Amino acid sequence: DAGVIQSPRHEVTEMGQEVTLRCKPISGHDYLFWYRQTMMRGLELLIYFNNNVPIDDSGMPEDRFSAKMPNASFSTLKIQPSEPRDSAVYFCASSVALRAVSSEQYFGPGTRLTVT
Amino acid sequence: KNEVEQSPQNLTAQEGEFITINCSYSVGISALHWLQQHPGGGIVSLFMLSSGKKKHGRLIATINIQEKHSSLHITASHPRDSAVYICAVRSNGGATNKLIFGTGTLLAVQP
């Protein structure tokens, strides 16, 4: 398996523009997570899905952020409108069943977002 | 106070030294993860443990549930071990799979 795939790897955009980040989880994984990493706050969970359904979005910073998972192999994280403080590395991760012994999370390479 | 605390925040070691990174947490957990993030940014899961001790190569992870403490040890450290090591816990409060992260320990191993 190719692992978790994220695109784009780098994104530079101007303030006010819409940004869409994409993630393809590992086939067969039924959990998908979106994280944000900044120097100030480290890694933070934004939202996670189980079987394509959002379970916990309490980490989504504000209404400008939205995430969807239309099917088991694809998820998007959208920021509209983007602001300079959204600049960060956004990671997607996937895992299998909640209480399975092997429920490690596998991380994608991340998308480095810069909003100018 | 953060729910997951790591120490030290920064660590410089000479090649060959034995290294210990500590993680303390204040919530009830179902599992604890140790992650490694290299300068290029990729994050790799090293260990997931809920009790006792695990070993993989030169890496050893231990956890003491009663004391809410875990340690990551690196034996015979090497410059390629230089990375940020992140402790994360999976809370057992409710049906959740969310991870709570420590702020990481930046390790530099000098040749």
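This text gives an overview of the structure that appears in the document.

What counts, and where the lines are drawn
Residues numbered from 1 in each chain as written. Chains lettered and ligands numbered in written order. Predicted model: local features only at pLDDT ≥ 70, side-chain atom pairs only at ≥ 80, totals over all residues. Heavy atoms only, no water. Helix = DSSP H or I, 4+ residues; strand = E, 2+ residues; numbered from the N terminus. Rg over C-alpha atoms; globule rule 2.2 N^0.38 Å. Buried < 20%, exposed > 50% of the residue type's maximum accessible area, 1.4 Å probe, protein only. Contact = heavy atoms within 4.5 Å. Areas by Shrake-Rupley, 256 points an atom, 1.4 Å probe, with all protein chains shown as cover. Lys, Arg positive; Asp, Glu negative; His and termini not counted. Charge placed at Lys NZ, Arg CZ, Asp CG, Glu CD. Phe/Tyr/Trp six-rings, centres within 6.5 Å; stacked < 30°, edge-to-face > 60°. 1 Å grid on protein atoms, 1.4 Å probe; cavity = no way out; pocket = protein on both sides within 12 Å on 5 of 7 lines; lining within 4 Å. Points joined across faces, edges and corners; volume = space filled by probe spheres on them. Nonpolar A, V, L, I, M, F, W, Y, C, P; charged D, E, K, R; others polar.

**Quick word on the overall build of chain A**
Each helix and strand counted, chain A has 0 helices and 11 strands in total. Counting from the amino terminus, chain A carries its helices and strands in the arrangement β-β-β-β-β-β-β-β-β-β-β. Against the 2.2 N^0.38 benchmark of 13 Å for 116 residues, chain A shows a C-alpha radius of gyration of 14 Å, consistent with a compact globule. Judged by the C-alpha coordinates and their principal axes, chain A covers about 40 × 30 × 30 Å. For chain A, the proportion of its 116 residues judged to be buried stands at 48%. Expressed as a percentage of contacts within chain A between residues at least 6 apart in sequence, the contacts between residues at least 24 apart total 54%. Entry remark: accessible area of chain A is about 5800 Å², with carbon and sulfur atoms responsible for 51%. The positive charge centre, built from 11 side chains, and the negative charge centre, built from 13, are 2 Å apart in chain A.

**A word on unusual backbone geometry**
Between Ser-7 of chain A and Pro-8 of chain A the backbone carries a cis peptide bond, its omega angle lying at -10°. By the element assignment, Pro-8 of chain A lies in the loop between strand E1 (5-7) and strand E2 (10-13). Omega for the bond connecting Gln-80 of chain A with Pro-81 of chain A falls within 30 degrees of zero, at -5°, which places this linkage in the cis form. Looking at the element boundaries, Pro-81 of chain A is found in the loop between strand E8 (74-79) and strand E9 (88-95). Phi angles above zero are rare outside glycine, and Ala-76 of chain B is one such case at about 45°. With relative accessibility at 45%, the residue Ala-76 of chain B sits in the partly exposed group.

**Focus on the packing of aromatic side chains**
Residue and element names in this part refer to chain A. Across all of its chains, the model carries 7 aromatic pairs over all chains by this definition. Both rings, one in Tyr-31 and one in Phe-33, keep their centres 6.2 Å apart while their planes meet at 15°; by these two values the pair is stacked. When its relative accessible area of 0% is taken as the criterion, Phe-33 is described as buried.

**Quick word on the layout of surface pockets**
Within this model, the largest pocket holds a volume of roughly 790 Å³. Forming the walls of the largest pocket are 32 residues, and the residues nearest its centre are Gln-37, Thr-38 and Met-39 of chain A together with Gln-37 and Val-84 of chain B. Broken down by secondary-structure element, the contributors of at least two residues to the lining of the largest pocket are strand E4 (31-38), strand E5 (42-50) and E9 of chain A together with strand E9 (83-91) and strand E11 (105-110) of chain B. For the lining of the largest pocket, the class distribution of residues is 13 nonpolar, 16 polar and 3 charged. As a volume, the second largest pocket reaches approximately 360 Å³. Broken down by secondary-structure element, the contributors of at least two residues to the lining of the second largest pocket are E5 of chain A together with strand E10 (99-101) of chain B. With 4 residues, the top contributor of residues to the lining of the second largest pocket is E5 of chain A. Looking at the lining of the second largest pocket residue by residue, the class counts come to 6 nonpolar, 5 polar and 4 charged.

Worth remembering: the numbers are spatial, not functional.
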